[in-house]
Amino acid sequence: MNLPIIQPSDSPSLFVPRRSPTIALVGNPNVGKTSLFNRLTSALSKTSNFAGTTIEHREGTCDLSQLELPADQPQSLTVIDLPGTYTLEGSSFEERVTAQYLHGERDPADVPAADAILLVVDATNLQRSLFIAQQVLDLGKPTVVAVNQIDVADKSGLEIDVAAMSKRLGCPVVAISARTGLGLDTLEHRLLEASEPGAAIAPSTGCSSGCNSCPYAAGHHWAADLAGVATKQRFVTTPAWVESMDHWLTHPIVGAAAFFAAMLMLFGMVFWLATLPMELLEWSFATVSLFVESLLPEGDFQSLIADGVISGVGGVLVFLPQIIILFFVLTLLEDSGYLARAVVVVDRWMQRVGLPGQAFVPLLTAHACAIPAIMSTRVISDRRDRLVSILVIPLMTCSARLPVYTMIAALLFPDSPLSAALLFSAAYFLGMIAAFTMALVFKMSILPGKPSPLILELPAYRRPSVSNAARHALDKGWGFLRDAGTTILLISLVIWALSTYPKATPEFLQQQTATELRQNPDLTSDSQEDLERLQSQIKQEHSALGRIGKTVQPVFEPLGFDWKVTVGVMASFAAREVVVSTLSILYGLGDDVDDDQEIHSLTSRLRSAQRADGSKVFDTATSVSLLVFFVLAMQCLPTQVVTRKETGSWRWAFFQLGYMTILAYAMAFLARQGILALGLS
Amino acid sequence: MPTPSLFPLCDFPPGWVRVGSFDLPTNHTDRLRSMGVFAGQRIEILRSGSPTLIRAAGSRLAISAEIARGIHVEPLPAST
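Each value, and the rule that gives it
Residues numbered from 1 in each chain as written. Chains lettered and ligands numbered in written order. Predicted model: local features only at pLDDT ≥ 70, side-chain atom pairs only at ≥ 80, totals over all residues. Heavy atoms only, no water. Helix = DSSP H or I, 4+ residues; strand = E, 2+ residues; numbered from the N terminus. Buried < 20%, exposed > 50% of the residue type's maximum accessible area, 1.4 Å probe, protein only. Contact = heavy atoms within 4.5 Å. Areas by Shrake-Rupley, 256 points an atom, 1.4 Å probe, with all protein chains shown as cover. pLDDT = per-residue confidence, 0-100. Pairing = 2+ DSSP bridges. Core = buried A, V, L, I, M, F, W, Y, C linked by side-chain atoms within 4.5 Å. Polar contact = N/O pair within 3.5 Å; in protein donor to acceptor, adjacent residues only side chain to side chain. Buried area = accessible area lost by both parts, 1.4 Å probe. Salt bridge = Lys/Arg side-chain N within 4 Å of Asp/Glu carboxyl O.

Draft legend 1. The arrangement of the overall build of chain B in detail. Along chain B, the regular secondary structure elements total two helices and six strands. Listing every helix and strand of chain B by position from the N terminus yields β-β-α-β-β-β-α-β. When the 80 residues of chain B are sorted by exposure, 54% land in the buried category. Of all intrachain contacts in chain B linking residues separated by at least 6 positions in sequence, the fraction that spans at least 24 positions is 62%. Here chain B displays about 3,300 Å² of accessible surface, and carbon together with sulfur accounts for 56% of that area.

Draft legend 2. Layout of the confidence of the model for chain A. A residue-level look at chain A finds 87% of positions with pLDDT of 70 or above and a mean pLDDT of 82. For residues 1–18 of chain A, every residue scores under 50 in pLDDT, and the model assigns this stretch 32 contacts once sequence neighbours within four places are set aside.

Draft legend 3. The arrangement of the sheet that holds strand 1 (residues 7–8) of chain B in detail. Across the sheet, which stays open at both edges, the seven strands sit in the order 8(A)-5(B)-4(B)-3(B)-2(B)-6(B)-1(B) with antiparallel pairing between neighbours. Each end of this open sheet is capped by a strand with a single partner; those strands are strand 8 (455–458) of chain A together with strand 1 of chain B. Relative to strand 6 (residues 71–75) of chain B, strand 1 of chain B runs antiparallel, the two being bridged by two bridges. Its bridge partner being in strand 6 of chain B, Phe7 of chain B is matched across the sheet by Val73 of chain B.

Draft legend 4. Representation of the nonpolar core within the structure. Residue and element names in this part refer to chain A. In this structure, Val392, Leu395 and Phe629 are the most contacted members of the largest nonpolar core, which totals 105 residues. When residues no more than four places from it in sequence are discounted, the contact partners of Leu395 are Arg401, Gly431, Ala434, Ala435, Met438, Val631, Leu632, Tyr659, Met660 and Leu663. Core analysis: the next-biggest nonpolar cluster, separate from the first, contains 39 residues, Ile117, Val121, Ala133 and Leu139 among them.

Draft legend 5. Focus on the side chain of Ser376 of chain A. All names here are of chain A. Structurally, the position occupied by Ser376 is in the loop between helix 15 (370–375) and helix 16 (383–392). Of the polar contacts made by the side chain of Ser376, one reaches the backbone oxygen of Ala373; its length is 2.8 Å. If we ignore the near neighbours within four places in the chain, the residues touching Ser376 are Leu326, Phe327, Leu330 and Pro362.

Draft legend 6. Expanded view of the pairing of strand 5 (residues 116–122) of chain A. All names here are of chain A. With seven of its seven residues buried, strand 5 lies for the most part within the structure. In strand 5, alternate side chains face the same way, and those of Ala116, Leu118, Val120 and Asp122 on one face and Ile117, Leu119 and Val121 on the other are all buried. Sheet topology note: the strand 1 (residues 22–27)/strand 5 ladder contains five bridges and is parallel. In the sheet register, Ala24 faces strand 5, and the bridge partner there is Ile117.

Draft legend 7. Focus on the environment of Met165 of chain A. Residue and element names in this part refer to chain A. Within the secondary structure layout, Met165 lies in helix 5 (residues 162–169). Since its relative accessible area comes to 0%, Met165 is described here as buried. Each C-alpha atom of the pair Met165 and Ala227 lies 8.3 Å from the other, and the pair is 62 residues apart in sequence. For Met165, the residues in contact, after removing those within four places along its chain, are Leu126, Leu130, Val145, Val147, Ile160, Val173, Leu226 and Ala230.

Draft legend 8. View of the interface of chain B and chain A. Listed by partner, the interface residues are 28 residues for chain B and 29 residues for chain A. Between chain B and chain A lies a buried interface of about 2,600 Å² when both sides are counted; carbon and sulfur atoms form 53% of it. Three residues, Ser34, Phe38 and Arg60 of chain B, lead the burial of chain B against chain A; their summed loss comes to 24% of the area buried on that side. Counting across the chain B and chain A interface gives four salt bridges. Between Glu243 of chain A and Arg55 of chain B there is a salt bridge, with the nearest N and O atoms lying 3.4 Å from each other.

Here is the structure:
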């Protein structure tokens, strides 16, 4: 592509002095672009998508106060971290959006237009990372080139002649180490100069003008020539250990064993290490809730704050440790260079179910929680593959399903831990089979196409930066809180309102309590606690949610659900584990069901629950039907919100809810009818 | 289709080869080209099989057997 050189007078908007000039950060994947972004921008960054796309960019502020600049100079820079790309002329959606932004074809209201470009290249592999340089320079915008990892290159015996590079490129070139901070002050000065009105623009490289059949060849020859001029040690021999590591880490058997060990560590950390902070968060919110209850007078406002706002926020925050730990470990694995090797190992397995190798880690992570799993699908480069992965991830059994499985296992096998364990395993297995089957179905129907075959750069092994991983993890956690928290809180409040209003009058409550006690000899009102439980049940039944449950119950009749189970299903729309506490209220046990003994009490109640005709509500067929429904149903509002955010549209979130609900209903129905037909209930 | 002097990359043992042509969809060809695998370029096969590991333009790449079949190359003497 032969682009005209933009002179300052041709593009006045580009050179209007800004209080905080915008710098676009461009470069290949794995050149340390994100580490540099984190170094330049100290506070938490804002992560968002280009409007109408799922292509992510990060925006941060680079504080220049340490440079002690005159007052009339900008005191900060706005840095936009663009997706890593090998070319601006490629056919992938991500490359096209990045190129559109750099060409000034995206709406500045969406993301501010770049005043200058910061191109990051890798000192240890100049030839590769300079290929994109000719395309960036030919954009005709002021550009600064940062040669990153200069310290690593130095240790490898490479000398980079930045002066020679600068002379050939016609723009400032600064040697830096994003890892140690070396050269960053100089870089900030050069960026400031480049963003000033009338800043010098590098001449066209001219390497694309003479290309006929393959513009890539000219670009690569140009890059190889420039790298040759700028690098003192022309041939860098790869250490033998790198060859050996690559051989074993991508080996079908040894590589698979190493991969499972790494995933066990990742999964273990997400699942177990997060337990304590999650419990602490739950305890903190419970304490705050109690404190608020003691401060405020009893009534609707108290309930709104304690049960609606605090429980709503708490329900979201409880996932935060898992999200932060997952992204911290994933970033360490990615920075070390291992994750690329792991993708090579699993790619051949995942291709069989129509997904690329990059989908494996998110699917495995979903066993802890679907939210970080969906967020981590950003490693999948192909849009359709990523969408399919997002759609099937919630089918994998997450930790929130465990209380439901525990309850049903105790219902079905109260005296057989082995059978209960087998039931657990079957539920996990069912979720995995469903996820892989639906992935195949989607790839053969609404999102057709073979998974992208593997073409992957194996980055150099390097020691990961803990601070970079921590920063990335905190950014992800903050993004989750900001984007998901607000919507989840709002819908939590709606569910609170539906389960609170209309309120039963004291007369109605008294009358219904007397009726219930008369009709159910099992119920007692011996203590104040028993009476409160019974009245809580009546209030729930009287609420809008209870009434909706009763109205909707015929729909769930084929699954064997009575109105109480139906209310449980509906109340757990926001969070599936809520079904346990809802059933405990409706079956008169109270809402604090969190240990084995209380689960046992609940299951005793459920086991003895009867329908109007005297038959058991929770016979084998209905219990299995309930289990299958909860294995396959969405029943998780935070996941829905994250799906919307990651796909950029509520359409996919609703589709996910719809197909999972239909699948859950159909499979639960088949399971129940099968058991009844076999006479096993 | 490979010409008489060009053969699929997947048929070659480790060593140096020169890229001749591609029999792949445009998006895969573009991706390979942007990563330094283009007609006329010398690349080193580090490991044959699936995945195939190669070195091109100073970087190590892993490519699936499907991609390796669609890259047609000619052998180069070991000394080059």
